[in-house]
Amino acid sequence: ASGQFNLGKMYQSGRGIAQDNHEAVHWYRKSADQGYSMGQNNLAIMYQNGRGVPQDYAAALRWFRKAAEQGNPIARNNLGVMYLSGRGIAKDYGEAVRWFRKAAEQGNSMGQNNLGVMYRNGRGVPQDDAEALRWYQKAADQGNMFGQGNLGWMYENGRGVPQERPLALYWYNKAADQGHAPSKEAIQRL
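First, a word on what this report is: a plain description of the structure on this page. (Residues numbered from 1 in each chain as written. Predicted model: local features only at pLDDT ≥ 70, side-chain atom pairs only at ≥ 80, totals over all residues. Heavy atoms only, no water.)

Details of the nonpolar core
Counting residues in hydrophobic clusters, the biggest one holds 44 residues, and the most contacted among them are Leu43, Tyr47, Leu79, Leu115 and Leu151. For this core, the leading source of residues is helix H4 (residues 57-69), giving seven residues. Once residues within four sequence positions are removed from consideration, Leu151 is found in contact with Leu133, Tyr136, Gln137, Ala140 and Trp171. (Core = buried A, V, L, I, M, F, W, Y, C linked by side-chain atoms within 4.5 Å. Buried < 20%, exposed > 50% of the residue type's maximum accessible area, 1.4 Å probe, protein only. Helix = DSSP H or I, 4+ residues; strand = E, 2+ residues; numbered from the N terminus. Contact = heavy atoms within 4.5 Å.)

Right, dumping it as structure tokens:
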């Protein structure tokens, strides 16, 4: 199953082979049907984005859920995003938080960042700047540019921490170095 998944990735990226999303879907599906969670996750992404298959949020949701229920942290975060956006399912901030937390607790930096966003905005959980800061810090420490940019924002605005321009710039610069556009704009502003 992992070999089929890797072949799907090669077709999707065009590394060492002509790029072909239909072939990528074919190999991801073979991998997914054997229960390989990364194959299920990537097949879901293909459905979500309409690459190699017609865009189908319900199918994406189904495959993300299969992978998430196996404990795949990337799929758990992606399932949270589906609940947050209301694509293929009714918007449900509580379910989004539940899946972001599962991903975050497994060390997934996107899950950590997204959980921070939920706490900062009080979606699905009580608004809590200290909790937002804690999760952003975990994501930022792993090099996640979104977590770094959000941490910069917290320091710039004095949310959960004293307002500290040097620390805001430090985190914005780390994120900007990875191409995070909002951080680049923030640096210009500061």
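So that's the structure; there's more coming.
Considering the environment of Val53
Mapping Val53 onto the fold places it in the loop between helix H3 (37-49) and H4. Residue Val53 is classed as buried on the basis of its relative accessible area, which comes to 14%. C-alpha of Val53 to C-alpha of Val25: the two residues are 28 residues apart in sequence and 7.4 Å apart in space. Apart from the residues within four sequence positions on either side, Val53 is in contact with Val25, Arg29, Met46 and Tyr47.

Brief notes about the pattern of salt bridges
The full count for this structure, using the stated rule, is four salt bridges. A salt bridge links Arg134 to Glu131, with the shortest nitrogen-to-oxygen separation between them at 3.0 Å. With a gap of three residues between them, Arg134 and Glu131 both fall in helix H8 (residues 129-141), about one helical turn apart. Looking at Glu131, the relative accessible area reads 19%, which means it is buried. A salt bridge links Arg189 to Glu156, with the shortest nitrogen-to-oxygen separation between them at 2.6 Å. Residue Arg189 is found in helix H11 (residues 181-189), and its partner Glu156 is found in helix H9 (residues 145-157); the two are separated by 33 residues along the sequence. Relative accessible area serves as the criterion here: at 52%, Arg189 is assigned to the exposed category. (Salt bridge = Lys/Arg side-chain N within 4 Å of Asp/Glu carboxyl O.)

Concerning the packing of aromatic side chains
Applying the stated rule across the entire model yields three aromatic pairs. Summarising the aromatic geometry, the rings of Phe5 and Tyr28 are spaced 5.8 Å apart at their centres and angled 35° between planes, so their arrangement reads as tilted. Of this pair, Phe5 sits in helix H1 (residues 2-13) while Tyr28 is found in helix H2 (residues 21-33), placing the two residues 23 residues apart along the sequence. Arranged with centres 5.6 Å apart and planes meeting at 55°, the rings of Phe5 and Tyr36 form a pair that is tilted. With Phe5 in helix H1 and Tyr36 in the loop between H2 and H3, this pair connects stretches of sequence that are 31 residues apart. In this structure an aromatic cluster arises from ring pairing among Phe5, Tyr28 and Tyr36. Between Lys102 and the ring centre of Trp99, over which it is positioned, the NZ or CZ distance is 5.5 Å. In this structure, Arg120 packs its charged tip against the face of Trp153, placed 4.1 Å from the ring centre. (Phe/Tyr/Trp six-rings, centres within 6.5 Å; stacked < 30°, edge-to-face > 60°. Lys NZ or Arg CZ within 6 Å of the ring centre and 35° of its normal.)

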